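Coordinate analysis (summary)
Residues per chain are reported as follows:
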Amino acid sequence: MASLSTLFTKPITPSLPFPNPTHTHFNSPLKFPNPTRIPNTRIQSSKISCALIEPDGGKLVELLVSDEGLRREKKREATAARMPRIKLSRIDVEWVHVISEGWASPLRGFMRENEFLQTLHFNSLRLGDGSIVNMSVPIVLAIDDDVKARIGDERRVALFDGDKPVAILSDIEIYKHNKEERLARTWGTTAPGLPYVEEAIANAGNWLIGGDLELLEPIKYHDGLDRFRLSPAELRNEFERRNADAVFAFQLRNPVHNGHALLMTDTRRRLLEMGYKNPILLLHPLGGYTKADDVPLSWRMKQHEKVLEDGVLDPETTVVSIFPSPMHYAGPTEVQWHAKARINAGANFYIVGRDPAGMGHPVEKRDLYDPDHGKKVLSMAPGLERLNILPFKVAAYDKTQNKMAFFDPSRPQDFLFISGTKMRTLAKNRENPPDGFMCPGGWKVLVDYYESLAQSEKAKIPEAVAV
């Protein structure tokens, strides 16, 4: 059976030349085709087109300085003592990765104030011709008073990952970082304990700096998974190589069980019934920051590999890649970002489930968001009219068939719902779920992860010393 490493070789795609910086982040205005929105849970017939969906703004943003000589010159400029430096956090680097590859097209850098305010208040950006693209989460870079003072009147700054220059930010604008407004607008609450807030905002500076980004080197993590981090341009090339006439994206930050697989294979069946000849699945796990109790990316990728090896998903019609964005856990607001980014990667169908990008309330014992609001918001979100939204069917374990199946409300007694909490508890206790819930190889990876976690915790406990 095919492994992830043999699904395809990562293509080498030259970056587009970097244009001269301007006062706007945007490319040429987007020209929208007629909407083909899919409401509720039904796929409606529409005209079948073999061309991939256009990226937001009409042209994919790629910000790597492609000319080697120019890149060396800009690195010298970045390391020169006269150019102010900003030291990036891990999450900042992930956002540089996102911006530079075009996931946020037509955005060309960290947001200036007008883009920040549009994102907070409208979940969208208005282009030069008056058309709208979706943008629901702020992509911003925070600095403190000392860094602001060092920048002074300079118009360019160098962005450093440790001691390495990774980018230059030009034509900069510095403005106030109103954290309370940002939290209230993005998460709908300012309650303490929001994971992304604790990690990236609470202790961040009181200023934001925006400007046009020039990437000096491709972002690499050297974790053995870089070959799976395909850019939007590389994904589009791969879809075209496979002659895809439809691309349906499935984002997840959890291990794949057979219920997920059922949803993905059923989606392909429905697309074939619509008249598409070769719909391709983009299995797209989130690879940026996640909260501490989520299964780490390296283990999730091992588990996904076993799912393919065991034949649960077809390698010939599946592209596995890593989405580099950090996770906000901002529910209906964030799921718009997840959907918008997949448009830029070439997906024209997006599968959305229960409580997408949600989490438990950090203080109260309840969900932070209504579990149905994510899919409802996606069906109405400004700037996502071109994307076909595919809500989950409810899948559960059918005890009469010993497998995952779509829930039949006429015989509820035959179905078992295995929550994520229940799944984690079984894996931690090295117990097996019902046959047919998850492929054996995938379940073993999950058990091994929790075993490694237990061993790690055990090693931290000091041994008693005899006295």
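Now for a look at the structure at hand. Please read these numbers as outputs of a predicted model, since none were measured by experiment.

Scoring rules and cut-offs
- Residues numbered from 1 in each chain as written.
- Predicted model: local features only at pLDDT ≥ 70, side-chain atom pairs only at ≥ 80, totals over all residues.
- Heavy atoms only, no water.
- Helix = DSSP H or I, 4+ residues; strand = E, 2+ residues; numbered from the N terminus.
- Expected span 1.5 Å × (residues − 1).
- Buried < 20%, exposed > 50% of the residue type's maximum accessible area, 1.4 Å probe, protein only.
- Contact = heavy atoms within 4.5 Å.
- Phe/Tyr/Trp six-rings, centres within 6.5 Å; stacked < 30°, edge-to-face > 60°.
- Lys NZ or Arg CZ within 6 Å of the ring centre and 35° of its normal.
- Axes fitted to C-alpha atoms, helices over the stretch in contact; angles between N-to-C directions.
- Parallel < 35°, antiparallel > 145°, perpendicular 65-115°, else oblique.
- Nonpolar A, V, L, I, M, F, W, Y, C, P; charged D, E, K, R; others polar.
- Core = buried A, V, L, I, M, F, W, Y, C linked by side-chain atoms within 4.5 Å.

1. Topic: helix H9 (residues 297–309)
Taking 1.5 Å as the rise per residue, H9 with 13 residues should run 18 Å; its terminal C-alpha atoms sit 18 Å apart, in good agreement. Regarding H9, the residues found buried are Leu297, Trp299, Arg300, Met301, Gln303, His304, Val307 and Leu308. Buried residues along H9 sit against strand E8 (246–252), strand E9 (279–285), strand E10 (318–320) and helix H13 (440–460). Residue Gly311 follows H9 closely and has a positive phi angle near 80 degrees.

2. A look at the packing of aromatic side chains
One pair of aromatic rings is described through two measures. These are the centre distance and the angle between the planes. Across all of its chains, the model carries 12 aromatic pairs by this definition. Ring centres of Trp299 and Tyr449 lie 5.6 Å apart, and the angle between their planes is 55 degrees; this geometry places the pair in the tilted category. Here Trp299, found in helix H9, pairs with Tyr449, found in helix H13; they are 150 residues apart in sequence, far enough to count as distant. Each member of the pair, Trp299 as well as Tyr449, is classed as buried. By the ring-pair criterion, three or more aromatic residues cluster together here, those being Trp95, Trp103, Phe323 and Trp337. Note that Arg342 overlies the ring of Phe323, its terminal NZ or CZ placed 4.0 Å from the centroid. A cation over an aromatic ring shows up here: Lys393 above the ring of Phe406, its NZ or CZ 4.9 Å from the ring centre.

3. Side note on the packing of helix H3 (residues 113–122) against helix H5 (residues 179–187)
Viewed as axis vectors pointing N to C, H3 and H5 meet at an angle of 45 degrees, and their least axial separation amounts to 8 Å. It follows that H3 is oblique to H5 by the angle criterion. Contacts from Phe116, Leu120 and His121 in H3 reach Glu181, Arg182, Arg185 and Thr186 in H5. By residue class, the composition of the contact of H3 with H5 is 2 nonpolar, 2 polar and 3 charged.

4. Some details on the nonpolar core
As a rule of thumb, nonpolar side chains are buried together in soluble globular proteins. The biggest cluster of nonpolar side chains holds 82 residues, and the ones touching the most others in it are Ile86, Ile139, Leu159 and Trp337. It is helix H2 (residues 90–101) that contributes the most residues to this core, 6 residues altogether. When sequence neighbours within four positions are dropped, the list of residues in contact with Ile139 reads Trp95, Ile99, Ala104, Leu107, Phe110, Met111 and Trp337. With 25 residues, the next largest nonpolar core counts Phe228, Tyr276, Ile351 and Leu390 among its residues.

Nothing here speaks to function; it is all geometry.
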